[in-house]
Amino acid sequence: MKAAVFTWEATESLQAASRAARQGSRLIAGGQSLGPMLNLRIAQPESVVSITQIADMRGASETASHVILGACITHSQIEDGLVPDIGSKSLPRIAANIAYRAVRNRGTIGGSLCHADPAADWVTTLLALNAEALTSSRAIALQEFFTGAFRTCLAPGEILTAIRIPKLGGDKKFGYYKACRKPGEFAHAMAAILQTGAKNRIVIGAMGGIPLVFEGIEAEPATIATALATRAPALDAVTRHMQLIAVKRAFENLAA
Amino acid sequence: MDLAQAELVEKGGVGARVIRKEDDRFLRGRGEYVGDIKLPAMQELAFVRSPVAHARIRAIIKPEGFEGRVFIAADLAGVKPITAISGLPGFKASSQPILAFEKIRHVGEAVAVCIAATRAEAEDIAALVELDLEELPAISNMLAARAPGSPLVHEAWGDNVFLETRVNQNFEAAAANAAIVIHKHLRTARQCMSPLEGRGVVAVWDRRLDQLLLHTSTQMPHIIRTGIAECLGLPEDSVRISAPDVGGGFGYKGILLPEEVCAGFLARHLGHPVRWIEDRREQLTGNANCREHDYELTAYADHDGTLLALDAQATVDAGAYSLYPFSACLEAAQIASILPGPYRMNGYRCTTWSAATNKPGILPYRGVARAGVCYAMEFLMDAIAAATGIRPEEVRRKNLVPPEAMPFDNITAKHFDSGDYPEALRRAVAAIDLPAVRARQATATGAVKIGVGLAIFCEQGAHGTSVYAGWGIPMVPGFEQATVRLTPDGGLEVRVGIQSHGQGLETTLAQVANEILGIPIARIKIVHGDTAITPYSTGTWGSRCMVMAGGAVATACRELSRRIAPIGAHLMQVPVAEVIVADGFVTAGPRRVAIAEVARTWFRRPQDLPEGSSGGGLEITAGYKPVRDSGTFSYAAHAVVVSVDTEMGEVKILDYAICEDGGTLVNPMIVEGQLIGGVAQGIGTALYEAMAFDENAQPLASTLADYTLPGATEVPVLRIEHMETPSPYSFFGQKGIGEGGAIGPPAAIANAVNDALRPLGVEISELPITPRVILEALLRQK
């Protein structure tokens, strides 16, 4: 199939992009999800505006406690260590296992979050890491940012410009595991864990809806099975089993 | 490469690992495919395809303002439907419309075609076409389709069975006193053959020649010409089929397409070229499938592991239409005739059904029914091993046809031409160091289990007239032809009616010609894939080209050498009886004259030849059939070691060894390439590929994100060992070997997975073996 007709322009101005989005344009960064959607005519916007030339969205910086990645940073920039990491090579390791290198060369971290595919690596891992989505007007905890599968809380014309991710270290450890039919495919089971001292934050992704976040008493190796059964009662036995194995293996992968 | 092989490559003949001639353009991205053909005034086609599986068509409404750009069945004046009839008794014929009218029988069936300057604009128009459909209950399960009361795909039949076949060879007597009786129910998934290049066609009406020219991505140009001529009501000389580079076929391009007929009609009707390029969505959801089998098997054996008799009921889901030329029944007919595999048995009974459902029709995919049949038979061998406590390799050895029995006529009258099957098995088992793997298996702890799987099979290739006449399908191969012609400067042009789409035939056929005449490989050009310039052939399928076209090229070259000899003799002024033609020269004792000089003389200096001699010229078309046309039987043993993660259900291939025998190998490197590619596809059958349909016969995958194909990371480094037992019936002793790689892996891998799971009391009896299938079985067991 070929895409339905649309106009295309690139902008270097965040304001211009925002204005276009308010008027119904679809923003495109790496296009690794939107491209296929256009081709399959699942998305039929009249106008598409490319934002990867906006300088403000391509920067990366760090503070003592956080890493801030521009929304248009590509997966391969993260994979190759060209931007700051949160520790233990956690971000490069996540990035290195996203799809294929050709996808990583163009696909962006911000694009992945805005697409909000429940099976995407960044959606689950950054939820676990307590990352925040930054727009020109506000900072949004990712748990509020995602409002459903393929849905975010961004207002019309509001653009995700950067992601702020707390660093590991001290008593903070991160673990991640995903199961795919083969390298590069979308995962069918996925778990990420942020352990702070004795407290765990477990996120289980690659399910029908937005990834599930477990904290406190629910987020223990001994209680997570019951918690998952309670929170996702419709899950079939095999999927539940796979997700719990993913959690187990994410615990085994914990690193500071 | 050893010295002998290095010399052979330098010389170039049969047996040399010559680098593929065609790779120079392919590896540089300079192939010329249908999609590369651009013609002035060419317009693009997009088909409107049915969103439902079974419906009566009330109306198809063309969008206002686009009436001239949309064509429906009623607009295709004089165009006939496609019928592929089998002559087997009881066969029920289907009529496959070029564009559906009255009724729709599967999702993706074309109901209208739209034309525009670009594909995107044609799709815009297609999206505006309205279908007024009365949806009917659909049937997507082949066993349910066979049951009384099922919705009917073709009402006039009264049931959903294209064909039922029964064979019984001494079954009751042989099974009567068996000590061990084993029953298994096995299933294989429906697959979508997925060559890198999909199908495509560019149709042009040539006013000067009054001829339709179809550039189409096909494996069989001459067969397509016949089919197109019949559907469009044209004489065959008014149809020319030209296949440019074809990016993989595997059976998917061994078909006459409604899209080709449509494009041909429109090019003639509209007076300008039109093009249709299949996209991945059409390939996955609208066009032909393959491989879906259901087996009820009962093996009767002795305590010592001897297989006494086999009883089988096999159903094949043949989809909605019998496809041209192979028909809906080839697959099931093949199951009945080759299920016994390379084994001896005294009794055999088999009933098959080719069931019609509301799914696309089926085509014979690489290996045809053999991938399923080998899986079934090898599954039973392991079951006998488990029941008797005898090692799997020993059970097989006991039942294989032994070398001293060759040639051997098996229980279904297949004539195994030559080989040492037990030796191939022994070598494959030795290659994986079975005792060491068993030791690892015994000491493995934790969630990851180790398993070993074996498979051995033989592959009938290049079977000819006597075999196909029995099936009575629209295409029966007879003599294979080749044209060879010297060029005035001493080069050789070889014209063959088969089509090379990955097999490396531009290299191997040049090696054959080089073997006979000695003309350097670089000066031999293979011309193929065009009905206007090649002799008739049924095309490339059934592992037939190296035997059939190879034999034809050798025969034609030999006849050409008989035309070369007297000219060379005259130039040397010696009697023709004293000369031999070989290695690029005509030689008489110490004297010789180059074939190039012979060519130069005949074409450019005829005054140097005696008046009235050599009028026949230096261009020959010769026909060839093997000594026997019952086929060559290559064979192979596959041995595989896997690990199974019993927590996540994942299977990893740890080691994969093959010992194969393709008779005399024309180019061992190309044979190895064929094996590697075939195994990749076999791994897909074993572990990844399934086109599932829901109860409304809706396909559940429409992109390669949902239809999982194996990729580079899923294909292990294979260890390949060759045996070379010549066939007594072919020109050089060569055997067809193109499909074998795809046949063994489902059986070997499934056996390995079950070997790993056996201690847990779990057996997987369906393909593909996905993590979900494994975990469902394990969780059921808990």
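The model shown is predicted, which means the values in this text are computed figures rather than measured ones.

### Observations concerning the overall build of chain A
Moving on, step 1. The number of helices and strands found in chain A is ten helices and 14 strands.
Moving on, step 2. Principal-axis analysis of the C-alpha atoms gives chain A an extent of 55 × 40 × 30 Å.
Moving on, step 3. Taking all 256 residues of chain A together, the buried fraction comes to 45%.
Moving on, step 4. Restricting to contacts in chain A with at least 6 residues of sequence separation, those with at least 24 account for 62%.

### A look at the domain arrangement of chain A
The accessible area lost on association of the parts is a frequent measure of interface size.
Residue and element names in this part refer to chain A.
Moving on, step 1. Along its sequence, chain A is carved into domain 1 (7-50), domain 2 (55-166) and domain 3 (172-252).
Moving on, step 2. Residue-level contacts link 18 residues of domain 2 with 19 residues of domain 3.
Moving on, step 3. Of all the secondary-structure elements, those providing two or more residues to the side of domain 2 that touches domain 3 are α4 (90-96), α7 (121-128) and β8 (146-148).
Moving on, step 4. The greatest single-element share of the side of domain 2 that touches domain 3, amounting to five residues, is contributed by α7.
Moving on, step 5. Class assignment for the residues of the side of domain 2 that touches domain 3 results in eleven nonpolar, seven polar and no charged.

### Side note on the domain arrangement of chain B
All names here are of chain B.
Moving on, step 1. In terms of domains, chain B is made up of domain 1 (3-31 + 479-624), domain 2 (34-136 + 199-246 + 253-285) and domain 3 (370-463 + 632-781).
Moving on, step 2. Taking only C-alpha atoms, the centre of domain 2 and the centre of domain 3 are 39 Å apart.
Moving on, step 3. Facing the eight residues of domain 2 at the interface are nine residues of domain 3.
Moving on, step 4. Looking at the side of domain 2 that touches domain 3, its residues break down into three nonpolar, three polar and two charged.

### Considering the packing of helix α15 (residues 505-517) of chain B against helix α16 (residues 545-572) of chain B
Residue and element names in this part refer to chain B.
Moving on, step 1. Running from amino to carboxyl end, α15 crosses α16 at an angle of 35°, the nearest separation of the two axes being 9 Å. In the crossing of α15 with α16, the sense of the turn from one axis to the other is right-handed. Residues L505, T508, L509, V512, A513, I516 and L517 of α15 lie in contact with α16, whose contacting residues are C545, M546, A549, G550, V553, A554, C557, R558 and S561.
Moving on, step 2. Looking at the contact of α15 with α16 residue by residue, the classes come out as twelve nonpolar, three polar and one charged.

### As for the nonpolar core
Moving on, step 1. Ranked by internal contacts, the top residues of the largest apolar core, which has 327 residues, are I163 and A191 of chain A together with A513, V553 and V753 of chain B.
Moving on, step 2. With 14 residues, α16 of chain B is the single largest residue contributor to this core.
Moving on, step 3. Among residues more than four places away in sequence, those in contact with I163 of chain A are L69, A71, I109, G110, L113, L126, A131, A133 and L134 of chain A.

### Quick word on the interface of chain A and chain B
Moving on, step 1. Taken together, the contacts link 15 residues of chain A with 18 residues of chain B.
Moving on, step 2. At five residues, helix α10 (residues 237-252) of chain A tops the list of elements feeding residues into the side of chain A that touches chain B.
Moving on, step 3. In terms of residue class, the side of chain A that touches chain B is made up of ten nonpolar, one polar and four charged.

### Observations regarding the sheet that holds strand β14 (residues 212-215) of chain A
Within a sheet, each strand pairs with its neighbour through backbone hydrogen bonds, oriented either parallel or antiparallel.
Residues and elements named next belong to chain A.
Moving on, step 1. Overall, antiparallel pairing links the four strands, which are arranged β11-β12-β13-β14 in an open sheet. Across the chains shown, the open sheet's two edge strands, defined by having one partner strand only, are β11 (172-180) and β14. Sheet twist, expressed as the average angle between the axes of neighbouring strands with direction ignored, equals 10°.
Moving on, step 2. With four bridges joining them, strand β13 (residues 199-205) and β14 adopt antiparallel strand pairing. Bridge pairing links I202 to F214 in β14.

### Here we look at the sheet that holds strand β22 (residues 580-582) of chain B
Residues and elements named next belong to chain B.
Moving on, step 1. The strand order across the open sheet formed by three strands is β22-β23-β24, and the pairing between neighbours is antiparallel. The open sheet has two edge strands with one neighbour each: β22 and β24 (591-594). Going across the sheet, the axis of each strand differs from the next one's by a mean of 25°, ignoring polarity.
Moving on, step 2. Where β22 lies against strand β23 (residues 585-588), three bridges are found, and the strand directions are antiparallel. Residue A582 lies in a different strand from β23, and its bridge partner there is F585.
Moving on, step 3. Along the sheet, helix α17 (residues 595-604) contacts β23 and β24; its crossing angle with β24, the most-contacted strand, is approximately 60°.

### Topic: the packing of helix α11 (residues 392-399) of chain B against helix α12 (residues 421-431) of chain B
Residue and element names in this part refer to chain B.
Moving on, step 1. Packing of α11 against α12 brings their axes to within 10 Å, and their N-to-C directions diverge by 165°. By the criterion of interaxial angle, the relationship of α11 to α12 is roughly antiparallel. α12 is crossed by α11, and the crossing has left-handed handedness. Note on element contacts: α12 touches α11 through P422, L425 and V429, opposite E393, R396 and R397.
Moving on, step 2. Along the lines of polarity and charge, the residues of the contact of α11 with α12 split into three nonpolar, no polar and three charged.

### Topic: the confidence of the model for chain B
Moving on, step 1. Of the residues in chain B, 100% have a pLDDT of 70 or more, and the chain-wide mean is 96.
Moving on, step 2. Interface confidence in the predicted complex, given as ipTM, is 0.96; pTM for the same model is 0.97.

### Looking at the pairing of strand β15 (residues 347-355) of chain B
One face of the sheet, then the other: side chains in a regular strand alternate in exactly this way.
Residues and elements named next belong to chain B.
Moving on, step 1. Of all nine residues that make up β15, eight are buried, and the element is covered over most of its length.
Moving on, step 2. With eight bridges joining them, strand β7 (residues 161-169) and β15 adopt antiparallel strand pairing. The residue of β15 that forms the bridge with R166 is T351.
Moving on, step 3. Examined bridge by bridge, strand β14 (residues 307-317) and β15 share nine bridges and lie parallel to one another. When the sheet's bridge partners are listed, A314 is paired in β15 with T352.
Moving on, step 4. One crossover worth recording links β14 to the parallel β15 by way of helix α9 (residues 330-338), and it is right-handed.

### Things to note about the environment of A155 of chain A
Residue and element names in this part refer to chain A.
Moving on, step 1. Structurally, A155 can be placed in the loop between β9 (151-152) and β10 (160-166).
Moving on, step 2. Given 12 C-beta atoms within 10 Å, A155 falls into the exposed group.
Moving on, step 3. Taking the C-alpha atoms as reference points, A155 and G31, separated by 124 residues in sequence, lie 21 Å from one another.

### Here's the deal with unusual backbone geometry
All names here are of chain B.
Moving on, step 1. With an omega of -10°, the peptide bond running from M406 to P407 counts as cis.
Moving on, step 2. Summarising the element assignment, P407 is placed in the loop between α11 and β16 (408-409).
Moving on, step 3. Between L767 and P768 the backbone carries a cis peptide bond, its omega angle lying at -5°.
Moving on, step 4. Tracing the backbone through its elements, the reader meets P768 in the loop between α19 (740-757) and α20 (771-781).
Moving on, step 5. The phi torsion at F250 lies on the positive side, around 65°, for a residue other than glycine.

### Observations concerning the environment of P273 of chain B
Moving on, step 1. Within the secondary structure, P273 of chain B sits in the loop between α7 (258-270) and β12 (274-277).
Moving on, step 2. On the basis of neighbour counts, which here come to 21 C-beta atoms within 10 Å, the residue P273 of chain B falls in the buried class.

Quick notes on the rules
- All residue numbers here refer to positions counted from 1 along the written sequence of the relevant chain.
- The naming scheme follows written order: chains are lettered A onward, ligands numbered 1 onward.
- Side-chain atom pairs in this predicted model are given and counted only at pLDDT of 80 or more, local residue features only at pLDDT of at least 70, and totals for whole chains, interfaces and linings cover all residues.
- Helix numbering and strand numbering both begin at the N terminus, where a helix is a DSSP run of H or I of at least 4 residues and a strand a DSSP run of E of at least 2.
- Exposure criterion: with C-beta atoms placed from backbone coordinates, a residue whose C-beta has 20 or more other C-beta atoms within 10 Å is buried, one with 12 or fewer is exposed, and one in between is partly exposed.
- With C-beta atoms placed from the backbone, a contact is any residue pair whose C-beta atoms sit within 7 Å.
- An automatic or database domain assignment supplies the start and end points of every domain.
- Put simply, Ala, Val, Leu, Ile, Met, Phe, Trp, Tyr, Cys and Pro go in the nonpolar bin, Asp, Glu, Lys and Arg in the charged bin, and everything else, Gly too, in the polar bin.
- Angles here are taken between N-to-C directions and fall from 0 to 180 degrees, while the axes themselves are lines fitted to C-alpha atoms, restricted in helices to the stretch in contact.
- Left-handed describes a crossing in which the near helix is turned anticlockwise from the far one by less than a right angle; the clockwise case is right-handed.
- By convention the nonpolar core is taken to be a set of buried residues drawn from Ala, Val, Leu, Ile, Met, Phe, Trp, Tyr and Cys and joined through C-beta atoms within 7 Å.
- In this analysis, strands are considered paired if DSSP registers two or more bridges between them.
- Geometric relationships in this document are graded by angle, where less than 35 degrees denotes roughly parallel, more than 145 denotes roughly antiparallel, 65 to 115 denotes roughly perpendicular, and other angles denote oblique.
- Confidence scores labelled pLDDT are given residue by residue by the predictor and lie between 0 and 100.
- The path from the first strand over the helix to the second decides the hand: if it runs clockwise while the strands point away from the viewer, the crossover is right-handed.

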